[in-house]
Amino acid sequence: MLSQVMQGAINEQINNELLSSYTYLSMAVWCEHKQFIGCAHWMRLQSEEERIHAMRLVDFLLARNGKVVLQPIAQPEIDFESVVQVFDKALAQEQIVTQQIDGLYELAFNEKAFAALVELEWFITEQVEEEKTAREIVHKFHMVEDDSAALLDLDRELSQRAPEAAASKA
Ligand code: FEO
């Protein structure tokens, strides 16, 4: 049985992942409104992945006979200066999530919550990948800067993103 502290921390992370999903949806909407259709597609898939992350934690809590307590999701940012800024913020958000996951892992370690440690290892590996992907895209955006033709090429490249089967337990 998970301790109350551990259950509280996992519930908090469920909310963090849902806020992350909500934020990516907000970014998708902004991109689509600005006609960056490939970026919007990428963001929609990312939003869906974050929802799956939240569901992994929901399922884990249920499997450990813990109590899932869903909290209100904060309003995400809705206005951005540029598509470059959108991806800058996406990377910054992933870096924050990495810190959250690290904190959760440390807590699980201190609480001797061994099953949680195993579950959280998946998230640690996932964060390495998510930060790497976001950093690569940010780098490309900063290389093309305001070159419209190159921006369109990049948008087209991002439209090729396929759903990640590995992110789902289904
Ligand atoms: Fe669920 Fe992108 O971290």
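Everything quoted here is computed from the prediction, not taken from an experiment.

> Can you help me understand the environment of Q127 in this one?
Residue placement: Q127 occurs in helix α4 (residues 114–144). Of the residues examined, Q127 reaches a relative accessible area of 3% and is grouped as buried. Taking C-alpha positions, Q127 is 26 Å from D79, a pair spaced 48 residues apart along the chain. The contact partners of Q127, leaving out residues within four places of it in the chain, are E94, V97, T98 and I101.

> Honestly, the side chain of D155 in this entry has me stumped. Any pointers?
Note that D155 resides in helix α5 (residues 148–158). The buried charged residue D155 lacks any salt bridge, with R156 as its nearest oppositely charged partner at 7.2 Å. A distance of 2.8 Å separates the side chain of D155 from the backbone nitrogen of C39, its partner in a polar contact. Apart from the residues lying within four places of it in its own chain, the contact partners of D155 are Q35, F36, I37, G38 and C39.

> In this structure, what is going on with the nonpolar core? I would like to understand it.
The biggest cluster of nonpolar side chains holds 26 residues, and the ones touching the most others in it are C31, C39, M43, V83, V86, F87 and F141. Among the secondary structure elements, those contributing two or more residues to this core are α1 (4–33), α2 (37–63), α3 (83–110), α4 and α5. Of the residues forming this core, the biggest block, six residues, is contributed by α3. Residues in contact with V86, not counting those within four places in the same chain, are M27, W30, C31, M43 and F80.

> Just to check I follow, could you spell out the packing of aromatic side chains for this structure?
Aromatic rings in a pair are described by how distant their centres are and how their planes are angled relative to each other. Scanning the model with the defined rule gives four aromatic pairs in all. With 5.9 Å between their ring centres and 80° between their planes, W30 and F80 make a pair best called edge-to-face. Placement of the pair is W30 in helix α1 and F80 in the loop between α2 and α3, with a sequence separation of 50 residues. What makes W30 buried here is its relative accessible area of 10%. For F80, a relative accessible area of 9% translates into the label buried. Positioned above the aromatic ring of W122 is the side chain of R56, whose terminal nitrogen or guanidinium carbon lies 3.9 Å from the ring centre. Against the face of W42 rests R161, its NZ or CZ located 4.5 Å from the ring centre.

> Got a minute to help me understand α2 in this structure?
Three- or four-residue spacings in an α-helix give side chains the same orientation, since the helix completes a turn every 3.6 residues. The end-to-end C-alpha distance of α2 is 39 Å, a good match for the 39 Å that 27 residues give at a rise of 1.5 Å each. With its phi angle positive at about 60°, N65 sits one or two positions after the end of α2.

> Hey, could you run me through the side chain of R56 in this one?
As for its position among the elements, R56 is in helix α2. Judged by its relative accessible area of 11%, R56 falls in the buried class. A distance of 3.2 Å separates the side chain of R56 from the side chain of E119, its partner in a polar contact.

> Teacher, can you tell me more about the packing of α1 against α2 here?
Each pair of packed helices gets described by two things: the angle between the helix axes and the distance between those axes. Put simply, α1 and α2 touch, their axes get as near as 8 Å, and they point 165° apart. By the angle class used here, α1 and α2 are roughly antiparallel. Crossing geometry of α1 relative to α2 is assigned as left-handed. Broken down by class, the residue content of the contact of α1 with α2 amounts to 18 nonpolar, eight polar and five charged.

> Would you explain the pattern of salt bridges in this entry?
Between side chains of opposite charge, a pair can form when the charged atoms approach closely. One pass over the full model with this rule turns up nine salt bridges. E131 is the partner of R135 in a salt bridge, and the nearest nitrogen-oxygen pair spans 2.9 Å. Note that R135 and E131 are positioned in helix α4 at a spacing of four residues, about one turn of the helix. For R135, a relative accessible area of 41% puts it in the partly exposed group. One salt bridge in this structure joins E136 and K132, with 3.2 Å as the shortest N-O distance. In this pair, E136 and K132 are both assigned in helix α4, four residues apart and thus about one turn of the helix distant. We classify K132 as partly exposed; its relative accessible area is 39%.

Basis of the calculations
- Residues numbered from 1 in each chain as written.
- Predicted model: local features only at pLDDT ≥ 70, side-chain atom pairs only at ≥ 80, totals over all residues.
- Heavy atoms only, no water.
- Helix = DSSP H or I, 4+ residues; strand = E, 2+ residues; numbered from the N terminus.
- Buried < 20%, exposed > 50% of the residue type's maximum accessible area, 1.4 Å probe, protein only.
- Contact = heavy atoms within 4.5 Å.
- Lys, Arg positive; Asp, Glu negative; His and termini not counted.
- Salt bridge = Lys/Arg side-chain N within 4 Å of Asp/Glu carboxyl O.
- Polar contact = N/O pair within 3.5 Å; in protein donor to acceptor, adjacent residues only side chain to side chain.
- Core = buried A, V, L, I, M, F, W, Y, C linked by side-chain atoms within 4.5 Å.
- Phe/Tyr/Trp six-rings, centres within 6.5 Å; stacked < 30°, edge-to-face > 60°.
- Lys NZ or Arg CZ within 6 Å of the ring centre and 35° of its normal.
- Expected span 1.5 Å × (residues − 1).
- Axes fitted to C-alpha atoms, helices over the stretch in contact; angles between N-to-C directions.
- Parallel < 35°, antiparallel > 145°, perpendicular 65-115°, else oblique.
- Left-handed = near helix turned anticlockwise from the far one by under 90°.
- Nonpolar A, V, L, I, M, F, W, Y, C, P; charged D, E, K, R; others polar.

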